[in-house]
Amino acid sequence: MMPALAGISHMDYRHFLLFNALGGLIWGVGFTLLGYFAGSAYQRVEAVAGRVVAIAVAVIVVGGLIVWRVRRRRQADSPDPKNRAG
(Lines give C-alpha, C1' and ligand atoms only; values in the text may rest on other atoms or scores of the structure.)
Protein backbone atom coordinates (compact mmCIF):
# COMPACT_ATOMS: atom_id res chain seq x y z
CA MET A 1 0.00 0.00 0.00
CA MET A 2 2.77 2.44 0.87
CA PRO A 3 4.59 2.10 -2.48
CA ALA A 4 1.37 2.98 -4.28
CA LEU A 5 0.79 6.02 -2.07
CA ALA A 6 4.40 7.13 -2.52
CA GLY A 7 4.04 6.80 -6.28
CA ILE A 8 0.73 8.67 -6.39
CA SER A 9 2.25 11.54 -4.42
CA HIS A 10 5.33 11.57 -6.70
CA MET A 11 7.68 10.91 -3.78
CA ASP A 12 11.35 10.82 -4.72
CA TYR A 13 12.52 7.19 -4.94
CA ARG A 14 15.59 7.79 -2.76
CA HIS A 15 13.46 9.19 0.05
CA PHE A 16 11.00 6.32 -0.27
CA LEU A 17 13.82 3.76 -0.25
CA LEU A 18 15.41 5.36 2.81
CA PHE A 19 12.17 5.50 4.81
CA ASN A 20 11.05 2.05 3.64
CA ALA A 21 14.39 0.47 4.58
CA LEU A 22 14.46 2.20 7.98
CA GLY A 23 10.88 1.17 8.68
CA GLY A 24 11.60 -2.43 7.71
CA LEU A 25 14.72 -2.49 9.87
CA ILE A 26 12.89 -1.09 12.90
CA TRP A 27 9.97 -3.48 12.34
CA GLY A 28 12.25 -6.51 12.00
CA VAL A 29 14.42 -5.69 15.01
CA GLY A 30 11.37 -4.80 17.09
CA PHE A 31 9.56 -8.06 16.40
CA THR A 32 12.73 -10.08 16.91
CA LEU A 33 13.26 -8.49 20.32
CA LEU A 34 9.59 -8.89 21.18
CA GLY A 35 9.80 -12.59 20.32
CA TYR A 36 12.98 -12.99 22.33
CA PHE A 37 11.56 -11.38 25.45
CA ALA A 38 8.13 -12.99 25.09
CA GLY A 39 9.73 -16.38 24.43
CA SER A 40 11.52 -16.33 27.76
CA ALA A 41 8.19 -15.72 29.52
CA TYR A 42 6.05 -17.91 27.24
CA GLN A 43 4.42 -19.95 29.99
CA ARG A 44 3.26 -16.84 31.85
CA VAL A 45 2.07 -15.13 28.66
CA GLU A 46 0.19 -18.24 27.58
CA ALA A 47 -1.59 -18.57 30.92
CA VAL A 48 -2.58 -14.90 31.09
CA ALA A 49 -3.61 -14.72 27.43
CA GLY A 50 -5.64 -17.92 27.79
CA ARG A 51 -7.56 -16.53 30.74
CA VAL A 52 -8.09 -13.16 29.08
CA VAL A 53 -9.43 -14.77 25.90
CA ALA A 54 -11.76 -17.03 27.89
CA ILE A 55 -13.10 -14.08 29.88
CA ALA A 56 -13.54 -11.98 26.72
CA VAL A 57 -15.45 -14.77 24.96
CA ALA A 58 -17.68 -15.25 28.01
CA VAL A 59 -18.43 -11.52 28.21
CA ILE A 60 -19.25 -11.37 24.49
CA VAL A 61 -21.54 -14.41 24.67
CA VAL A 62 -23.38 -13.19 27.77
CA GLY A 63 -23.70 -9.69 26.30
CA GLY A 64 -25.04 -11.12 23.04
CA LEU A 65 -27.61 -13.21 24.88
CA ILE A 66 -28.76 -10.19 26.90
CA VAL A 67 -29.14 -8.05 23.76
CA TRP A 68 -31.00 -10.86 21.96
CA ARG A 69 -33.36 -11.35 24.91
CA VAL A 70 -34.08 -7.60 25.29
CA ARG A 71 -34.78 -7.21 21.57
CA ARG A 72 -37.02 -10.25 21.55
CA ARG A 73 -38.99 -9.00 24.56
CA ARG A 74 -39.36 -5.49 23.07
CA GLN A 75 -40.54 -6.97 19.80
CA ALA A 76 -43.11 -9.13 21.58
CA ASP A 77 -44.37 -6.14 23.60
CA SER A 78 -44.65 -3.92 20.53
CA PRO A 79 -48.24 -2.97 19.60
CA ASP A 80 -47.31 -2.67 15.91
CA PRO A 81 -48.33 -5.97 14.18
CA LYS A 82 -45.55 -5.78 11.59
CA ASN A 83 -42.89 -5.78 14.34
CA ARG A 84 -44.12 -9.08 15.77
CA ALA A 85 -42.21 -12.24 14.93
CA GLY A 86 -43.99 -15.11 13.33
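In short, a report on the structure. Quick caveat: nothing in here was measured; it's all calculated off a predicted structure.

Judged by side-chain polarity, M11, L18, F19, L22 and I26 come together as a nonpolar surface patch covering roughly 500 Å² of accessible area. Note that I26 resides in helix α2 (residues 13–40). The exposure class assigned to I26 is exposed, which follows from its relative accessible area of 63%.

Here we take up the environment of L25. Within the secondary structure, L25 sits in helix α2. The class for L25 is exposed, based on a relative accessible area of 54%. As for L25 and H10, which are separated by 15 residues in sequence, their C-alpha atoms are 24 Å apart.

Along the chain, F16 falls in helix α2. Distance in space between the C-alpha atoms of F16 and M2 is 9.2 Å, their sequence separation being 14 residues. Those residues in contact with F16, other than ones at most four positions away along the chain, are M2, P3, A6 and M11.

Definitions and cut-offs
- Residues numbered from 1 in each chain as written.
- Predicted model: local features only at pLDDT ≥ 70, side-chain atom pairs only at ≥ 80, totals over all residues.
- Heavy atoms only, no water.
- Patch = residues over 30% accessible without salt bridge, like charges linked within 9 Å, V, L, I, M, F, W, Y side chains within 5 Å.
- Areas by Shrake-Rupley, 256 points an atom, 1.4 Å probe, with all protein chains shown as cover.
- Salt bridge = Lys/Arg side-chain N within 4 Å of Asp/Glu carboxyl O.
- Helix = DSSP H or I, 4+ residues; strand = E, 2+ residues; numbered from the N terminus.
- Buried < 20%, exposed > 50% of the residue type's maximum accessible area, 1.4 Å probe, protein only.
- Contact = heavy atoms within 4.5 Å.

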